[in-house]
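Descriptive structure summary
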Amino acid sequence: MSGFEADNNGVSISVAADHKTVADFEVSKKPKRNKFAFACSILASLASILLGCDIGVMSGAIIYIKDDLKISDVQVEILVGILNLYCLIGAYTAGRTSDWIGRRYTIIVAAAIFFVGALLMGFATNYAFLMVGRFVAGIGVGFALLIAPVYTAEVSPASSRGFLNSFPELRLDLGWRVMLGAGAIPSIFLAIGILTMPESPRWLIMQGRLGEAKTVLDKTSDTKEEARGRLSDIKAAAGIPEDCIDDFVQVQKQTHGEGVWKELFLHPTPVVKHVLICTVGIHFFQQAIGLDSVVLYSPRIFEKAGITSSDHKLLATVAVGLSKTIFILVATFLLDKIGRRPLLLISSGGMVVILATLGFSLTIIGHSDNKITWAIGLCITMVLSSVAVFSIGMGPIAWVYSTEIFPLRLRAQGASIGVAVNRVTSGVISMSFISLYEAITIGEAFFLYAGVALVAFFFFFTFLPETQGKTLEEMEGLFGKLVGRREETQKLKRKRKMNEANHQIQLGNNLTTDRQC
């Protein structure tokens, strides 16, 4: 038989393939990435970059702050890590704010708060003044860490959501005040650029503004067919009838978070329980392996390795930041090709080896009275490698994964739980690192982190299903059971292939009808 035949729910459908033209085959071409969604995601990522700027700058500035303000090691630990705890206020507030005024204006609020905090830090004349600036900046960072990934996940097409949502991970001797105060610059560009961005289509539909949501989806989807599919899925998730085509409808609103916390903690379904476990786990382990200690205290690690010059330590710290940036860019291109799960397993498994090797090299250096060149070289290599391996997996995927797996009605508040766990864990790790390695040794501290990374590997392997290429509304089918996940994933793949086949059949019929006319 000539022609194309597909099975659609047991019904055999044939389409004549005679007189095929080039146009008949164009439907199978892979659509190009949507440039408008790409631009919106880049702008939104500036919000999360605020934290990257603070971490990167603080790791170098702390060398000069300690000497200038004459502060102790304990005060250094508190100054570096306390911002993570201040983030909790911003993250909690941002969840409800984004459901109230929208994702877009919440990003503007984040930029404004961080701008004020950065200026306060830049003009600080003593430790107390500096801590006030950290408090304000921390609230702004908390806002940003929640809303930027949520917005990007909701505006991006499924085919490139991982690519676009991994940009937020990207993170001079004019004085440390200029180094910290310069953090206000990205917030200015963010506040201006946000005015050109559309609102999240999912938030618009939650408000019943279907006409505006359809316009945004048309602009941010790879194809018109995908835009219609996304609109249909979001309407179903929001409880709006499929045949409703009005530009505005009345919906049963929960825009201020009413009932969400009860559904998350008091009466969670098996799906929500699984999603919460994955969100809390991935954010906890992302920070508990101690990567923030490597980045923030890299000058001290290099000092322990035998690098004593301040200029050389700062140069080595810059190399750490460069390594992180390069491998985050690598990760952005792998997330939607390889998938989240393989990269997480590679990253966490690699961190076990690297952290254990770093602990070994620092132990050798600490127990020797002579300068051991090979151990110093191994230590520096492991510091750079840890940042690189973390950045291709655990770094960006924690944010991508936790914002894409929550159901629409729970997404903002659910994502805030992940931010809270992430920042509390980061705060504890960064505020205790100096005390930890003084209580044991710096080598044993990294052996401890290696053990945590090993537990993380088994957690990811057991609990986290693959979400690559799934729409945000398809996610619920992947969660709720540890057994049978692969079968569910295969079922979704078969369903998607059948939909694509039906779409090609319809186009073929249309082309045949046009020729007959």
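Residues numbered from 1 in each chain as written. Predicted model: local features only at pLDDT ≥ 70, side-chain atom pairs only at ≥ 80, totals over all residues. Heavy atoms only, no water.

- Under an unreviewed UniProt entry, the name given to the protein is Polyol transporter 5 isoform X1, and the source organism is Gossypium hirsutum.
- Under the Sequence similarities (unreviewed entry) heading, UniProt states for the protein: "Belongs to the major facilitator superfamily. Sugar transporter (TC 2.A.1.1) family."
- Per its UniProt entry, the protein bears the Subcellular location (unreviewed entry) comment "Membrane". (UniProt positions renumbered as here; feature names shortened; annotations may be inferred.)

1. Here we look at the overall build of the protein
- In terms of helices and strands, the protein carries 22 helices and two strands.
- For the protein, buried positions account for 54% of its 517 residues. (Helix = DSSP H or I, 4+ residues; strand = E, 2+ residues; numbered from the N terminus. Buried < 20%, exposed > 50% of the residue type's maximum accessible area, 1.4 Å probe, protein only.)

2. Some details on the nonpolar core
- Residues M351, F446 and F460 are the most contacted members of the largest nonpolar core, which totals 100 residues.
- Of the residues forming this core, the biggest block, eleven residues, is contributed by helix 5 (residues 127-155).
- Those residues in contact with M351, other than ones at most four positions away along the chain, are I289, L291, S386, V389, F390, M394 and A453.
- In terms of nonpolar packing, the next biggest core, distinct from the first, is built from 16 residues, W203, I234, V251 and L408 among them. (Core = buried A, V, L, I, M, F, W, Y, C linked by side-chain atoms within 4.5 Å. Contact = heavy atoms within 4.5 Å.)

3. Digging into the side chain of S402
- Tracing the backbone through its elements, the reader meets S402 in helix 19 (residues 394-404).
- Here the side chain of S402 touches H283 through a polar contact of 2.9 Å, side chain to side chain.
- A polar atom in the side chain of S402 sits 2.8 Å from the backbone oxygen of A398.
- Each residue touching S402, except ones within four places of it in the same chain, is listed here: T279, H283 and I397. (Polar contact = N/O pair within 3.5 Å; in protein donor to acceptor, adjacent residues only side chain to side chain.)

4. Here we look at the packing of aromatic side chains
- Following the criterion strictly, the structure yields 13 aromatic pairs and no others.
- The interplanar angle of 85 degrees and the centroid separation of 5.0 Å between the aromatic rings of Y86 and F135 together place this pair among those described as edge-to-face. Of this pair, Y86 sits in helix 3 (residues 73-101) while F135 is found in helix 5, placing the two residues 49 residues apart along the sequence.
- Residue class for F135 comes out partly exposed when judged on its relative accessible area of 34%.
- Where F457 meets F458, the ring centres are 5.5 Å apart and the plane angle is 90 degrees; that geometry is what we call edge-to-face.
- Looking at F458, the relative accessible area reads 49%, which means it is partly exposed.
- Through successive ring pairs, a cluster of aromatic residues spans F284, F285, F459, F460 and F463.
- Here the guanidinium or amino end of R104 rests over the ring plane of Y105, the centre of that ring lying 4.9 Å away.
- We note R341 situated over the ring of F461; from NZ or CZ to the ring centre the distance is 5.2 Å. (Phe/Tyr/Trp six-rings, centres within 6.5 Å; stacked < 30°, edge-to-face > 60°. Lys NZ or Arg CZ within 6 Å of the ring centre and 35° of its normal.)

5. Considering the environment of T223
- Tracing the backbone through its elements, the reader meets T223 in the loop between helix 10 (210-220) and helix 11 (224-237).
- On the basis of relative accessible area, T223 is assigned to the partly exposed category, the value being 29%.

6. A word on helix 4 (residues 103-122)
- Between the first and last C-alpha of helix 4 there are 29 Å, a value that for 20 residues agrees with the 28 Å anticipated at 1.5 Å per step.
- For helix 4, the full list of buried residues reads R103, R104, T106, I107, A110, A111, F114, G117, A118, M121 and G122. Taken end-on, helix 4 shows its buried residues confined to a sector of 150 degrees, consistent with a single buried face. (Expected span 1.5 Å × (residues − 1). Arc of directions from axis to C-beta.)

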